[in-house]
Every structure is written in structure tokens, then in C-alpha cells.
Amino acid sequence: MLTIHNFERSGRGLRIAWLCEEMGLPYALRLFGYPPPADYLALHPLGNVPFLEDGEVKIHESVAIALHIASRYGPTPLLPPLTHPDYARVLELTVFSEASFGGLLNTLMGAHFMAPEGEKQNWSIRGATMRCEQQLGYLEARLGDRSYLVGDELTLADIAIATALGVWRGALGRDIPPKLAAYRDRLLQRPAYQRAAKANGNI
Ligand SMILES: N[C@@H](CCC(=O)N[C@@H](CS)C(=O)NCC(=O)O)C(=O)O
């Protein structure tokens, strides 16, 4: 059984629950508040979420977790095989969701929720915000008029990006460019997303 540890309603753990739902994999969600309980810190001393227990595998970093699950329990159309022409693009955008966009989101969330009033809009925060906006424009252009970021069906890239967009809008209260917002709204209608969001406390 896969056990996903997450803060209630937190987007990166939702990313993993959604993936499991799309793949039809049974999982348990262990939800807790912030700060995390002592037994979680014993499991994962960094204390951030999500964290996956999968038998002997204990792993953090949501994108690594997603790749682990798709690789171990695939094949799945969510992650095309290594030889497929779309493989590199799926990998690129999935990693981009955290390494570029998600990293900036954490900086912005730190400032939004914790910085003293006078420092909420300092030089670094304005720069990170501009960078995020540039990346959103890039994603919207990449999407164009298509339904999915890569190819003709849902992939890990969509799950990773759509959940990151949720943090931008939900936690930071920022606008998503219109075509990207419509794309995300469509994805969120998927029954697998709805089940995961319910289990995670989002709806
Ligand atoms: N790159 C990591 C980021 C993990 C992360 O920062 N998670 C947030 C919640 S979505 C968190 O745990 N924040 C509280 C903390 O870092 O103490 C991942 O994708 O798993």
C-alpha cells in the first residue's frame, strides 16, 4: 500500500493522490496540520510534504515521488516510454513545475505568509513574482490551443503544472492567464482529480 503524508489541502501531496487516482492505484493519505507531528519528523527530518512510503521505499520531493510511482507501477500513458518522442518533454515540464516554478512559489509563500509588512514586496520578491509571471506566459504559449501540454492525452506534466498553478492561485491569490486557467479548470473536472481533492480536503 502506498502511504502519502501531506498537510491537509496541500497542493503537492494532492499531485501524488491525483496521480494514484489516474493510475487506479490504492493509496492511503495521512493528513496533518502545520507544524508536523514528531513521528513525521522522525520519518522525514526536513518536515516538508509530501512524503511517500512504498514498502521499502521512503521518498520525498513530489516530482521524484511521481516519477517513482509512474515508473514502478506503469507502464502508463502519463509517462511515455524512454524511446517515445514525447518522453523528454514530459520530463522537462514535470521537473519545471518544481525546479523552476515551484521553487519560486515557496519563496513567494514565505514572504506572503511570514515576512514583516515592509518586506513583503522587497527586490527579491518582486523579481520572483516577475519570473513566475514570465513562466506562466511561457506555459500558456506552449499550451496554445491544445488540451494537454504534451501530446494528445494527460501526462505527468499536466498533473504537475496544474497542481502548481493551484498554489499560485489558491495560496497566493494570484491570477492565472486565461487560457491556462481554462485548461486547468478542464483538468480539475476529471473524476480522478475530484476523488483525490476530496480525500485531501480540498473540496
Ligand atoms: N520541492 C518539494 C517542495 C516541498 C514543499 O515545500 N512543501 C511545502 C508544502 S506544499 C511544505 O512542506 N512547506 C512547509 C515547510 O517546508 O516546512 C516537493 O516538491 O516536494
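Residues numbered from 1 in each chain as written. Predicted model: local features only at pLDDT ≥ 70, side-chain atom pairs only at ≥ 80, totals over all residues.

Undergrad: Just checking my understanding: could you explain the nonpolar core for this structure?
TA: In this structure, Ala17, Ala66, Leu156, Ala160 and Ile161 are the most contacted members of the largest nonpolar core, which totals 49 residues. The dominant element in this core, judged by the number of residues it contributes, is helix H6 (residues 156-171), at ten residues. Three or more residues apiece are contributed to this core by two domains, here domain 1 (2-78 + 192-199) and domain 2 (87-190). The contacts of Leu156, once residues within four sequence positions are left out, are Ala66, Ala70, Leu78, Leu79, Val90 and Thr94. (Core = buried A, V, L, I, M, F, W, Y, C linked by C-beta atoms within 7 Å. Buried ≥ 20, exposed ≤ 12 C-beta atoms within 10 Å, placed from the backbone. Helix = DSSP H or I, 4+ residues; strand = E, 2+ residues; numbered from the N terminus. Domains from an automatic or database assignment. Contact = placed C-beta atoms within 7 Å.)

Undergrad: Is there a simple way to explain the sheet that holds strand S3 (residues 51-54) in this structure?
TA: Think of a sheet as strands paired side by side through backbone hydrogen bonds, with each pair either parallel or antiparallel. Reading across from one edge, S2-S1-S3-S4 is the order of the four strands in this open sheet, with mixed pairing throughout. Two strands bound the open sheet, and with one partner strand each, they are strand S2 (27-32) and strand S4 (57-60). Here the strands of the sheet are splayed against their neighbours by 15° on average, with no regard to which way each runs. Strand direction decides the pairing type here: strand S1 (residues 2-7) and S3, joined by four bridges, are antiparallel. Within S3, the residue paired with Thr3 across the bridge is Glu53. (Pairing = 2+ DSSP bridges. Axes fitted to C-alpha atoms, helices over the stretch in contact; angles between N-to-C directions.)

Undergrad: What am I meant to see in the environment of Leu29 here?
TA: Relative to the assigned elements, Leu29 resides in strand S2. A tally of 20 C-beta atoms within 10 Å means that Leu29 is categorised as buried. The spatial distance from the C-alpha of Leu29 to the C-alpha of Phe7 is 9.7 Å, given a sequence separation of 22 residues. Setting aside residues up to four positions removed in sequence, Leu29 forms contacts with Ile4, Asn6, Ala17, Ala199 and Asn200.

Shape descriptors only; they carry no functional weight alone.
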